[in-house]
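Now for the letters of each chain:
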Amino acid sequence: MTDLLWTRPADARASLLLAHGAGAPMDSVFMNRITEALASHGVAVARFEFPYMAKRRTTGKKYPPPKAETLAEAFRAAITAALAAPERVGPLFVGGKSMGGRVAAITAGTPLDGAVAGVVCLGYPFHGPGRPEEIRLAPLQQSLLPSLIVQGERDEFGSRAEVETLDVGPRARFVWIEDGSHDFGPRGASPATLKGNIAAAAEATAAFVLAATEPAAEE
């Protein structure tokens, strides 16, 4: 059974299952900040760790991440756990930071439980830093669910200038974080702030997630 770390506000109306990035755990500074910001908008957040990261926590050794494609099974197991959890409320969205978001998109390329409503990618790794030729579009193009990509404008894994020239498929939409890096941090001379950028990312994500709880408009 996958261990989940829940943050569930009293006014929660939907849930988001979040996976961590390749090198940091589910309770990293970024993951804590975005979770707290999402909870302030009425989104219940469940975090989990892929087996290699959980093994790091129990052994203290730094195991490297495997290929993203091999982690989809673990993500599906986390979805099953989240759907069954008493903390879960409303539709369930799946997503994650960097690699976690990529694995969520890969997982959404196969049919999932009908309660799973969409994908959220926080800093999608379109390519490795300095390797723009290694483009990773297939998970987004092949996703069976609507996807939100929250991306820093100068993300070294895929900047706005790079990504706006790409075909990400019909189900993906973008929200751009002002002067943001891969962790949404702006440069010192920028009028943007890290706190403001995290807040903007959470607000956009919450709007995407909570829209699934609204009644369908009558034709």
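Being a predicted model, the structure only gives us computed values, none of them experimental.

Caption draft 1: Representation of the pattern of salt bridges within the structure. Summed over all chains, the structure comprises 10 salt bridges. In this structure, Arg160 and Glu164 form a salt bridge, with 2.8 Å as the shortest nitrogen-oxygen distance. Here Arg187 and Asp179 are joined by a salt bridge, their closest N and O atoms 2.5 Å apart. Relative accessible area serves as the criterion here: at 9%, Asp179 is assigned to the buried category. Salt bridges sharing common partners tie together Asp27, Glu49 and Arg57.

Caption draft 2: The arrangement of the sheet that holds strand β4 (residues 92–97) in detail. Pairing is mixed in the open sheet, where seven strands are placed in the order β1-β3-β2-β4-β5-β6-β7. The outermost strands of the open sheet, each flanked by one partner alone, are β1 (5–7) and β7 (172–177). Between one strand axis and the next, the sheet turns through 20° on average, direction left out of account. Note: β1 against strand β3 (residues 43–48), three bridges, orientation antiparallel. Each residue of the ladder has a partner; that of Thr7, found in β3, is Val45. Sheet strands touched by helix α1 (residues 29–39): β1, β2 (14–19), β3, β4 and β5 (116–122). Its angle to β3, the strand with the most contacts, is close to 155°. Contacts between helix α4 (residues 99–107) and the sheet are confined to β2, β4 and β5, with β4 contributing the most and set at about 140° to the helix.

What counts and what doesn't
Residues numbered from 1 in each chain as written. Predicted model: local features only at pLDDT ≥ 70, side-chain atom pairs only at ≥ 80, totals over all residues. Heavy atoms only, no water. Salt bridge = Lys/Arg side-chain N within 4 Å of Asp/Glu carboxyl O. Buried < 20%, exposed > 50% of the residue type's maximum accessible area, 1.4 Å probe, protein only. Pairing = 2+ DSSP bridges. Helix = DSSP H or I, 4+ residues; strand = E, 2+ residues; numbered from the N terminus. Axes fitted to C-alpha atoms, helices over the stretch in contact; angles between N-to-C directions. Contact = heavy atoms within 4.5 Å.

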